[in-house]
Structure formats: structure tokens, C-alpha cells
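# Architecture and fold: a report
Spelled out from the first residue to the last, the chains are:
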Amino acid sequence: MPVTVLLVDDEPLVRAGLRAVLEAQPDIGVVGEAADGVAVIPLVRRLRPDVVAMDVRMPLMDGIEATRALLRSVGTPPKILVVTTFENDEYVYGALRAGADGFLLKRARPAEIVHAVRLVAEGESLLFPASVRRLAAEFGDRGNSAARSVLERARLTEREGEVLRLMARGLTNAEIAVRLVVGTETVKSHVSSVLAKLAARDRTQAVIAAYESGFVVPG
């Protein structure tokens, strides 16, 4: 089945460019477009996309609030890929904290755009982990007591803690398996356990919690 994408951006040229790039792929289809975050929830309910490519800055409802509203209102929400002009932007980090799964730069090359959509659809790994680390260092609340409490209550095992630290470095399951000298299925089991214990929607949310609790230190 192809990956289905909803494009949300107030710039028609950006939407047209993304549509052209994505629809050139046999395994990706664009099922709809919106010019503002206020249109996201009804379109998601009607079209059931796998991925929403969401602009951060829009006039009526920005990508942060649209992400929060979508995750609050839809029982099985799609993956959310934030589309942004500037990677070191507090809005981007705000969207990731709100529940977005990764982000894509508007200046990205076509191959990078396609790769980003496929990655976020699979939920395999963070996009641009080095950039996420920089965002966490600049905008993260490293004294976040709520995040610290979540980590304390999670009671991660020593191996789960190792896996979380490697996730924070942006390693894929296969790369973690090589580093820890275990099978990929074992890593997948550990990742699932970490997400469940942290009540994290995905790897991105788990990594943000790790940074904000102080469990992982940026840099």
C-alpha cells in the first residue's frame, strides 16, 4: 500500500512543489491539501492520511496548535512531519514537543523529502538527529520536573537506558543492534518497552523526554 500524505501549508507554491516531488514516487500519494491548520482535523478524519506534512507558521492556526488539536481529537492520528524554513526554530521544537514525529526543511532536495516521508511513515528513526539535539540544547527545558518524574517512574532497565541513549543519538534499530551486539528484533522489543514505559507516542517523544529530564545531555 502506498504512503498517503496530506499537505498543509499556506504557500501554494510549497504545496505544489511537495506534491510534484512526492507523486513522482510509486509508493507515495498525496490525498489532499490545506492552507491552514484549522482545516487539518476534518481533512484527516475524511482522508485518513498516513502522514501530514505540516507547515509551522500559518496565519489562523499554526503547526504547533494544529498538532496538539489533531492528537487530541483523532483516535489513531497520522504521523506528523513538520515542514519548516529554519531548522533552529523554537516553533519547530514546540511542534516536536506537542507530538510531531519529525521535521523537514523546505530547502531539502527531492530525494531528502521522499526519504523523510518514508522514514516518518515507518516510525523507524528520528529525522535529522543532530538538529534535534541542537534544538533540545537551545530550547529544551532541561530542568523539566514533569519529564524527570516520567523517567523516574518508568524504571527503565540498564539495557533500556542504553537503548534510549542510542536513540537520542539518532541511531536506527539496526545500528543499535550492531552497537549492542544483539539482534534487531531484540532492539525492537527494547524500543517498544521504552516507549510504553515513557507513555511516548514515538521515538521523537521519548528522546525529547530523555533530554528534558536530564537523562541524556545534549552535546
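All of the points below concern the structure found in this document. Nothing here was measured: the structure is a model prediction, and the numbers come from that model.

## What about the pairing of strand β4 (residues 79-84)?
A large share of β4 lies buried, amounting to 5 of its 6 residues. As judged from the 5 bridges shared by strand β3 (residues 51-55) and β4, these two strands associate in the parallel manner. Across the sheet, Val51 pairs through a bridge with Lys79, a residue of β4. Of the crossover connections in this fold, the one passing from β3 over helix α3 (residues 63-73) to the parallel β4 is right-handed.

## Let's talk about the packing of helix α9 (residues 173-180) against helix α10 (residues 184-198)
Put simply, α9 and α10 touch, their axes get as near as 8 Å, and they point 110° apart. Taken together, the axes of α9 and α10 lie roughly perpendicular to each other. Residues Asn173, Ala174, Ile176 and Ala177 of α9 form the contact with α10, whose participating residues are Thr184, Val187, Lys188 and Val191. Its residues placed into classes, the contact of α9 with α10 shows 5 nonpolar, 2 polar and 1 charged.

## Quick look at the side chain of Glu160
Position of Glu160 relative to the elements: it lies in helix α8 (residues 158-168). A polar atom in the side chain of Glu160 sits 2.9 Å from the backbone nitrogen of Thr157. In contact with Glu160, other than residues within four places in its own chain, are Arg155, His190, Ser193, Val194 and Lys197.

## Observations regarding the nonpolar core
The nonpolar side chains of soluble globular proteins are, as a tendency, buried together. Val8, Met54, Leu70, Leu164, Met167, Ile176 and Leu198 are the most contacted members of the largest nonpolar core, which totals 53 residues. Counting residues per element, this core draws most heavily on helix α11 (residues 203-212), which supplies 6 residues. Once residues within four sequence positions are removed from consideration, Met54 is found in contact with Val8, Val40, Gly63, Ala66, Thr67, Ile80, Leu81, Val82 and Val83. Membership of the second largest hydrophobic core comes to 20 residues, among which are Leu7, Leu104, Ala108 and Val117.

## Looking at the sheet that holds strand β5 (residues 102-105)
Here 5 strands make up an open sheet; going across it, the order is β2-β1-β3-β4-β5 and the pairing parallel. Each end of this open sheet is capped by a strand with a single partner; those strands are β2 (28-34) and β5. When strand polarity is set aside, the average angle formed by the axes of neighbouring strands in this sheet is 25°. The pairing of strand β1 (residues 3-8) with β2 spans 6 bridges and is parallel. Bridge pairing links Leu6 to Gly32 in β2.

## Describing the environment of Lys106
Tracing the backbone shows Lys106 in the loop between β5 and α5 (110-122). We classify Lys106 as partly exposed; its relative accessible area is 26%. Counting along the chain gives 23 residues from Lys106 to Val83, while the straight-line C-alpha distance between them is 6.2 Å. Not counting chain neighbours up to four residues away, the residues in contact with Lys106 comprise Asp9, Glu11, Val14, Asp55, Val83, Thr84 and Thr85. A polar atom in the side chain of Lys106 sits 3.2 Å from the side chain of Asp9. Here the side chain of Lys106 touches Asp55 through a polar contact of 3.4 Å, side chain to side chain.

What counts, and at which threshold
- All residue numbers refer to positions counted from 1 along the written sequence of the respective chain.
- A pLDDT threshold of at least 70 governs which residues receive local features in this predicted model, and a stricter bar of 80 or more applies before side-chain atom pairs are shown or counted, although totals over entire chains, interfaces and linings include all residues.
- The basis for every side-chain value is the complete set of non-hydrogen atoms in the structure, without hydrogens or water.
- Three labels apply to residues, based on accessible area from a 1.4 Å probe with only protein chains included: buried if under 20% of the type maximum, exposed if over 50%, partly exposed otherwise in between.
- Helix numbers and strand numbers start at the N terminus; a helix is a DSSP run of H or I with at least 4 residues, a strand a run of E with at least 2.
- Here, a strand pair is defined by DSSP locating no fewer than two bridges between the strands.
- Assignment of crossover handedness uses the view with strands pointing away from the viewer, where a clockwise path from the first strand over the helix to the second indicates a right-handed crossover.
- Axis definition: a line fitted to C-alpha atoms, limited for helices to the stretch in contact. Angles are taken between N-to-C directions and run from 0 to 180 degrees.
- Angle categories are assigned with fixed cut-offs, so that under 35 degrees is roughly parallel, over 145 is roughly antiparallel, 65 to 115 is roughly perpendicular, and the rest are oblique.
- In this description, contact between two residues means that some pair of their heavy atoms is separated by no more than 4.5 Å.
- Classes in brief: Ala, Val, Leu, Ile, Met, Phe, Trp, Tyr, Cys and Pro nonpolar; Asp, Glu, Lys and Arg charged; the others, Gly included, polar.
- Residues adjacent in sequence count toward polar contacts only when both atoms are side-chain atoms; beyond that, a polar contact is any pair of N or O atoms within 3.5 Å, and within protein one must be able to donate a hydrogen and the other to accept it.
- In plain words, nonpolar cores are sets of buried Ala, Val, Leu, Ile, Met, Phe, Trp, Tyr and Cys residues tied together by side-chain atoms within 4.5 Å.

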